[in-house]
Amino acid sequence: MAPTNVDGKPRPIVVSGPSGAGKSTLLKRLFADYPDRFGFSVSHTTRAPRAGEEDGIAYNFVTREVFQKLVEDNGFIEHAQFGSNLYGTSVQAVKNVAEKGRTCILDIEMEGVKQVKKTDLNARYLFLQPPTVEILEQRLRGRGTDKEEDILARLKQADKEIEYAKTGAHDQIVVNDDLEKAWREFKAFCVPDQA
Ligand SMILES: Nc1ncnc2c1ncn2[C@@H]1O[C@H](COP(=O)(O)OP(=O)(O)OP(=O)(O)O)[C@@H](O)[C@H]1O
């Protein structure tokens, strides 16, 4: 049984950490191993799709105008700007997942975490931490998806994320040094009844 709220619906899990920390890598594995247990709330973004990213699956890719309208309509539980792009998680996207009896996974960064904490979602929070900022930089470059200016912006933001994690804002911190070790810890948090 997944950890639930008083209404019997599974508590959402917020996975955060610097860009390049490995969130997508671990979440992909979690969804592959437990296809019926979790659901992704599909985020909105104004950034351009990367190769292979499909609209409505990776993100809902929208214009800045459409995004702003949703903000004004209070359609987001959280939204934030990273670099020149806006990202957000709609209230409806999270509700849809919990209604199906699935644990909603929110893959978001620091400002989003702070805003989710202001809601009554009663989420569980996991922070994925890179071993060092130097290794994070290597991984971002190795990924080959980011422009130089984006890499520098992501590294600057990473320092802030790591400082925030030191305040005890998360239920668990997983250091992604060895991928298999990180996976075991990540899985134990997300699927505690099978740990
Ligand atoms: N433990 C690890 N050892 C070595 N490389 C790793 C490890 N974990 C992830 N990587 C690699 O680091 C890169 C960044 O990982 P990933 O794309 O999953 O990060 P992310 O946190 O999802 O980033 P973003 O928030 O920008 O989407 C990828 O190329 C991935 O293969």
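Each residue is numbered by its place in its chain's sequence as written, counting from 1. Given that the model is predicted, a residue must reach a pLDDT of at least 70 before its local features are reported, and side-chain atom pairs must reach 80 or more before they are shown or counted; all residues, however, enter totals for whole chains, interfaces and linings. Computation of side-chain values covers all heavy atoms of the structure but excludes hydrogens and water.

Identification of the protein as Guanylate kinase from Salinomyces thailandicus is taken from an unreviewed UniProt entry. UniProt positions are given in the numbering used here, feature names are shortened, and annotations may be inferred rather than shown by experiment. For the record of the protein, the UniProt heading Sequence similarities (unreviewed entry) holds the text "Belongs to the guanylate kinase family."

J.: What is the right way to read the packing of aromatic side chains from this model?
T.: Any two aromatic rings considered together are summarised by their centre-to-centre distance and by the angle between their planes. Side-chain rings of Phe, Tyr and Trp (the six-membered ring for Trp) are treated as a pair once their centres are within 6.5 Å; stacked means planes under 30 degrees apart, edge-to-face means over 60, and tilted covers the remaining angles. For the structure on display, the rule yields 8 aromatic pairs. With a centroid separation of 4.7 Å and 25° between ring planes, the pair formed by Phe67 and Phe76 is classed as stacked. No difference in accessibility class separates Phe67 from Phe76, as the two residues are buried. These aromatic residues form a ring-pair network of at least three members: Phe31, Tyr34, Phe38 and Phe40. Only Lys NZ and Arg CZ are tested; either one counts as a charge over a ring when it is within 6 Å of the ring centre and within 35 degrees of the ring normal. Residue placement shows Lys114 over the ring face of Tyr164; its charged tip is 5.0 Å from the ring centre. Above the face of the Tyr125 ring, Lys117 is positioned so that its terminal group lies 4.3 Å from the ring centre. Each residue gets one of three labels from its accessible area relative to the maximum for its type: buried under 20%, exposed over 50%, partly exposed in between, using a 1.4 Å probe on protein chains only.

J.: Is there a simple way to think about the site of the ligand in this case?
T.: As a structural note, the neighbourhood of the ligand is formed by 14 residues, with Ser19, Gly20, Ser24, Thr25 and Asn176 the closest of them. Contact distances for the ligand include 3.2 Å between a nitrogen atom and a side-chain N or O atom of Arg139. Counted as a polar contact is a pair of N or O atoms within 3.5 Å, where, for protein atoms, one must be capable of donating a hydrogen and the other of accepting one, and residues adjacent in sequence contribute only when both atoms are in side chains. Within the contact set of the ligand, an oxygen atom lies 2.9 Å away from a side-chain nitrogen or oxygen of Arg143. Computed with a 1.4 Å probe, the accessible areas rest on the Shrake-Rupley method; for each residue, only the protein chains presented here act as cover. Contact with the protein chains hides 75% of the accessible area of the ligand, taken as 640 Å² for the molecule alone. One heavy atom suffices: a residue is near a molecule or strand as soon as one of its heavy atoms comes within 4 Å of it.

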